[in-house]
Structures are given as structure tokens and as C-alpha cells.
Protein chains: 2
Amino acid sequence: MAERRKFRREGEERRRQDLIEATLDCVAEHGIEGATLRAIALRAGVTAGLIRHYFPGKEELLQAAYATIVERMTQQAFDFLDDGATTPRLRLAAFVAANLTLPIADAKVFSLWAGFIGRAHADPALSAVHREGYLGFRDQLEYLLAETFASANRPQNAGALRRHAIAVNAIIDGLWIEGCMAGDLFETGELAQIGIETVGRVLGIELEGAGA
Amino acid sequence: MAERRKFRREGEERRRQDLIEATLDCVAEHGIEGATLRAIALRAGVTAGLIRHYFPGKEELLQAAYATIVERMTQQAFDFLDDGATTPRLRLAAFVAANLTLPIADAKVFSLWAGFIGRAHADPALSAVHREGYLGFRDQLEYLLAETFASANRPQNAGALRRHAIAVNAIIDGLWIEGCMAGDLFETGELAQIGIETVGRVLGIELEGAGA
DNA sequence: CGGCTTGTTATGCAAGCGTATAAATACGGC
DNA sequence: GCCGTATTTATACGCTTGCATAACAAGCCG
């Protein structure tokens, strides 16, 4: 009667990552309130008590999960920039487009973002994670813009560059949200095209053509 | 001993509104998970059981609260447009600025928005409320843009107008989020100025000067 | 191959949740 | 002034949650 469940011992890092991944799945599917310790454990294939062996409490697990998704989003947005050494304006155009198409502009990713953002106001630790991600994103974007302006022989001073980064970041974020929340209202690739066109106009640099 | 609490009977509409307002306060302060029936009732100055007398369940109360805040935000954004019969481009500039300053660009309002957005994915009713608000906002914005283009002798066809509305909506939303989440990173009025400047460039219409 | 460590399961607990229901009281109509 | 009604309070129930702890076994070390 009541046979005890068989199990395997996993490496510490592996288990932690599995638990984080299970947490992200739960948040994405049923919102942050669907991410109970029992649901997370079930999805990770362990029992709930084990979580306390790897994280001091639920809060720390959520923070780790949020940090993971923030880093992943920033990573996905930028890592392809190293692909081809094309011109800065093509790289910028590709960057904008990448942020407005899969896998970044995805309902599941947005669900994660929204779930955590809602909690960030009540949890300073989550808020700090968000700010770090935001500033990191904007810094890298600023560098990308500096390259583009330089290639167009229109170097900008620090203040102008910062304001441009703020504006372009807003365009990307805003379109990203529109696409995630109401993707069915737009044709495939429409938001990416609008994004490239809009950013181009804001910078005064044509991004759409092949452009050297 | 154990005196029963005194109370006053309020009109139905008044009580419903009080409960909704208390719900919004709770969500704004401690996130949507802080909006328990007991906390809401405490803030509204009643006992928890009463809520069930005015709403079938907690879900319906949350939906009513979300509908209220969505309508309020849209209202605040547009009602001042009737103030002075100035030129369309001044009206547009004022509209952009209004969305990026108090009381719309406010941490509490954002906290509400974020709290509900996080739940919208799991609750189709909330999702519908959001979409209605979004489309309403965009429609009114589109009308504002049409006026502005007309006054500049550059009428746009329906498709171009729609794309412009999508882009401008994204700029406003994106800057709004930046301001709400990291307001301390910007000077007073800086985001409004960036917004006006950016929208002007996207439309190809100068919005900053007095401009007829 | 037997013991030790510790990753893992199993069980329990107190608190808080949304909901249901009965008792009480405020207040308008007579 | 009193009665009837329905708003409001009070209490309880069943469930779920995060957390604590004890029992157990997997796998390494000798």
C-alpha cells in the first residue's frame, strides 16, 4: 500500500533550471496566480517540498524566473546582431523587425512579462530586475543607434543619442505590446514594417531599402 | 458583549461604485493578489459578505473595476480636447503631452493597468474589456490624426491613416510605460517633449511650435 | 558491499481564500 | 409608532496556499 515514489537525483544546477522553467510555463499559461508551488512542482516532475531545498521561498523562485526571462528576451533581441557584418542601418532594421516578430513578439512571452510586471510594483526585488533589464536593453540600443548615425555621417551628442534611444525603445515596446495583445488585428509582418518605417522617420535615416 | 456593528444603508449605485473604487485602490497598492474580498470590504468600510449582494462573485467585481479604469483613462485622455478650439496640430500635441504627464502617466494608474493586464490572458472577459478600450482609443486617435493631416493639406487614405494611428499609439504607450516604470530617470516634462517631437517626425508635421 | 550524506518524498499545519447562509437591524410605508 | 423588507453583519465551511518537518532512499566513498 502507498508505494513511495521512485526518483532520481539530479545535479543542483539542472534542478534549479528545471524548476525555473516550470515556473515560467505556469506563469505563461495561467498567469502568476497559477504559479503555485504545487503546480510548479507537478510540471517539473517533482514534489512541492523539493522547491524549498533549492529556493528559500516562493518569492526567490519567482525572482529567479523573472531574471531568466528578462535576460532571455534581451539576449534573443541582440544575439543575432553578430550574425552578418552588414551595414549599421540594416542591422538596426533587422533588430527592430526581430523584436516585432516571433519568437519575441509572442503571446506567451507577453503573458510572462505582464504577469511579472503586475507584481513588480508590490515587490521591489522584481522591480530592480526589470530596471536592470530595461537599462541594459536601452544601452545596447543606444550603441546601435550611434553606429547608425555615424554611418550616415550624422554623429549625435550624448543627449540627443539618449533621447533617440528612449524614443526608439518606446516605439518597439509599444508595437510589441500591440502585437502581443491583439496580433490578430495585424497582417503577418505588418508591425515589423511599421516599426522599421517609423524608426526610420524618427531618426531621419532610411532603413527600408538596401541602403549602404 | 460582542456588539453588532452599526451600519447605514446606501443606495445601490453608490455602494457598487464604492466597492469598485475600493477594488481599484487594493489592486493599485498591492497588486491584483492584494485585492481579496476581505481587503476590499475593509477599505470600502463594509464587511466581506456584502460584496456578494452586489456582485455574483469576485470575478465580476474585477471585471467591473477594470472596465471602470479603462474608461476613465480613455476619458481623461480625450475630454480635454474639447477645451479650446485650437488648431488640430496643437490639439494633437496637447493630447500626446497629456498622455505622458499626470494624472495619466502615474505609477498608480500603471499599477492598475499592469495588474489587470497580467490577468487578462487567463480571463477572456478582461481581455475583451481591454480590446474594447484599445480600439476605442485608437479610433479616436485616428480621427485626431486625420484632422491634423487635413489641416496640413496632406490627406491620407484609410490604410495610411490606420498605420499612422498604430505607430503613434505605440509611441504614446511605450513612452507612457517608460515614464510610469522609471519616472525618476527622466526630467519633468522630458517624456512629453520627446513624445511630441517623435510623433511630429513620424507624421512629417511640426508639432512643437505654435504652428497654424 | 555497507554505511553516510543529502536530495527527495510524504505528511501535516496554520492561515487565508471565496463562498454560502442565517441572524440582525436600518429604514420607508402604513 | 410599528411592521415588513431587504441591506448588512456575522459566522462557518471547504478548499488551497506556502511552509515546516520527519521519513526515506539514491548514489558516492570507503
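Counting restarts for each chain, with residues numbered from 1 along the sequence as it is written. Written order decides the labels, with chains lettered from A and ligands numbered from 1. Where totals are concerned, whole chains, interfaces and linings use all residues; where local detail is concerned, this predicted model gives features only for residues with pLDDT of at least 70, and gives and counts side-chain atom pairs only at 80 or more. Think of the side-chain values as coming from all heavy atoms in the structure, minus any hydrogens and water.

This part is about the relation of the copies chain A and chain B. Copy one and copy two of the chain differ by a rotation about an axis and a translation along that axis. The atoms used to superpose the copies are C-alpha atoms, taken from residues with pLDDT of at least 70 in both, and the fit is least squares. Aligned on chain B, chain A shows an RMSD of 0.1 Å; the corresponding rotation is 180 degrees and the shift along the axis is 0.0 Å. Put plainly, the chains are arranged around a two-fold axis. Comparing contact sets, 100% of the residues at the interface of chain A also lie at the interface in chain B, consistent with an isologous, same-surface contact. Residue contacts are counted whenever heavy atoms from the two residues lie within 4.5 Å of one another.

This brings us to the UniProt feature "domain: HTH tetR-type" (unreviewed entry) in chain A. UniProt positions are given in the numbering used here, feature names are shortened, and annotations may be inferred rather than shown by experiment. Sites flagged by UniProt as "domain: HTH tetR-type" (unreviewed entry) map to residues 13-73 of chain A. Span residues 13-73 of chain A is 75% helix and 0% strand, its end C-alpha atoms 21 Å apart. The helix and strand labels rest on DSSP assignments: H or I over at least four residues marks a helix, E over at least two residues marks a strand, and numbering proceeds from the N terminus.

Quick look at the domain arrangement of chain A now. For interface size, the figure often reported is the accessible area lost on association. All names here are of chain A. Start and end points for every domain follow an automatic or database-based domain assignment. Split into domains, chain A comes out as domain 1 (10-55) and domain 2 (59-203). Inter-centroid distance (C-alpha atoms) of domain 1 to domain 2 is 28 Å. Tallying the contact residues gives 13 residues for domain 1 and 14 residues for domain 2. Together domain 1 and domain 2 conceal approximately 1,200 Å² of surface at their shared face, both sides included; 77% is due to carbon and sulfur atoms. When the area that domain 1 buries against domain 2 is broken down by residue, the three leading residues are L24, A28 and I32, summing to 43%. Only one rule defines a salt bridge in this text: a Lys or Arg side-chain nitrogen within 4 Å of an Asp or Glu carboxyl oxygen. Linking domain 1 with domain 2 are two salt bridges, by the criterion used here. Among the salt bridges present, the one from E21 reaches R72, with a minimum N-O distance of 3.1 Å. Polar contacts, as used here, are pairs of N or O atoms within 3.5 Å; protein pairs need one atom able to donate a hydrogen and one able to accept it. Residues neighboring in sequence count only if both atoms are side-chain atoms. In this assembly, domain 1 and domain 2 are joined by three residue pairs in polar contact (both at pLDDT 80 or more). The element best represented in the side of domain 1 that touches domain 2 is helix α1 (residues 12-30), accounting for nine residues. Considering only residue class, the side of domain 1 that touches domain 2 consists of nine nonpolar, two polar and two charged. Once two parts are joined, some of their accessible surface, as seen by a 1.4 Å probe, is lost; buried area is that loss totalled over both. Nonpolar residues are Ala, Val, Leu, Ile, Met, Phe, Trp, Tyr, Cys and Pro. Charged residues are Asp, Glu, Lys and Arg, and all others, Gly as well, are polar.

Time to look at the protein's contact with DNA strand C. We call a residue near a molecule or strand as soon as one heavy atom of that residue lies within 4 Å of the molecule or strand. Taken together, 26 residues form the shell around DNA strand C, and within it R4 and R9 of chain A together with R9, R52 and K58 of chain B come nearest. Near the protein, within 4 Å, the atoms of DNA strand C are sugar or phosphate in 67% of cases. Note that a phosphate oxygen of DNA strand C is positioned 2.9 Å from one of the backbone N or O atoms of L37 of chain B. Here R38 of chain B contributes a side-chain N or O atom positioned 2.9 Å from a base nitrogen of DNA strand C.

The next subject is the nonpolar core. In this description, a nonpolar core means a group of buried Ala, Val, Leu, Ile, Met, Phe, Trp, Tyr and Cys residues linked to one another through side-chain atoms lying within 4.5 Å. Note on exposure labels: buried denotes an accessible area under 20% of the residue type's maximum, exposed denotes more than 50%, and partly exposed covers the range between, all computed with a 1.4 Å probe on protein chains only. Of all hydrophobic cores here, the largest spans 144 residues; its most connected members are F95, F116 and W176 of chain A together with F116 of chain B. Beyond its immediate stretch of four places on either side in the chain, F116 of chain B contacts L24, V27, I32, L62, A65, Y66, I69 and L126 of chain B.

Quick look at the environment of D18 of chain A now. Within the secondary structure, D18 of chain A is located in helix α1. For the pair formed by D18 of chain A and R163 of chain A, sequence separation is 145 residues and the distance between their alpha carbons is 40 Å.

On to the protein's contact with DNA strand D. In the vicinity of DNA strand D lie 26 residues, with R52 and K58 of chain A together with R4, R9 and Y54 of chain B positioned nearest. The share of sugar and phosphate among atoms of DNA strand D within 4 Å of the protein is 64%. Between DNA strand D and R38 of chain A there is a distance of 2.8 Å, counted from a base nitrogen to a side-chain nitrogen or oxygen. The contact in question runs from a phosphate oxygen of DNA strand D to an N or O atom on the side chain of K58 of chain A, over 2.4 Å. Of all the secondary structure elements, the ones that give two or more residues to the surface near DNA strand D are α2 (37-44) of chain A together with α3 (51-54) of chain B. A per-class count over the surface near DNA strand D returns seven nonpolar, five polar and 14 charged.

Here we take up the side chain of T148 of chain A. Residue and element names in this part refer to chain A. Mapping T148 onto the fold places it in helix α7 (residues 124-151). Separated by 2.8 Å, the side chain of T148 and the backbone oxygen of L144 make a polar contact. Discounting chain neighbours no more than four positions away, the residues touching T148 are P88, R89, L92 and I205.

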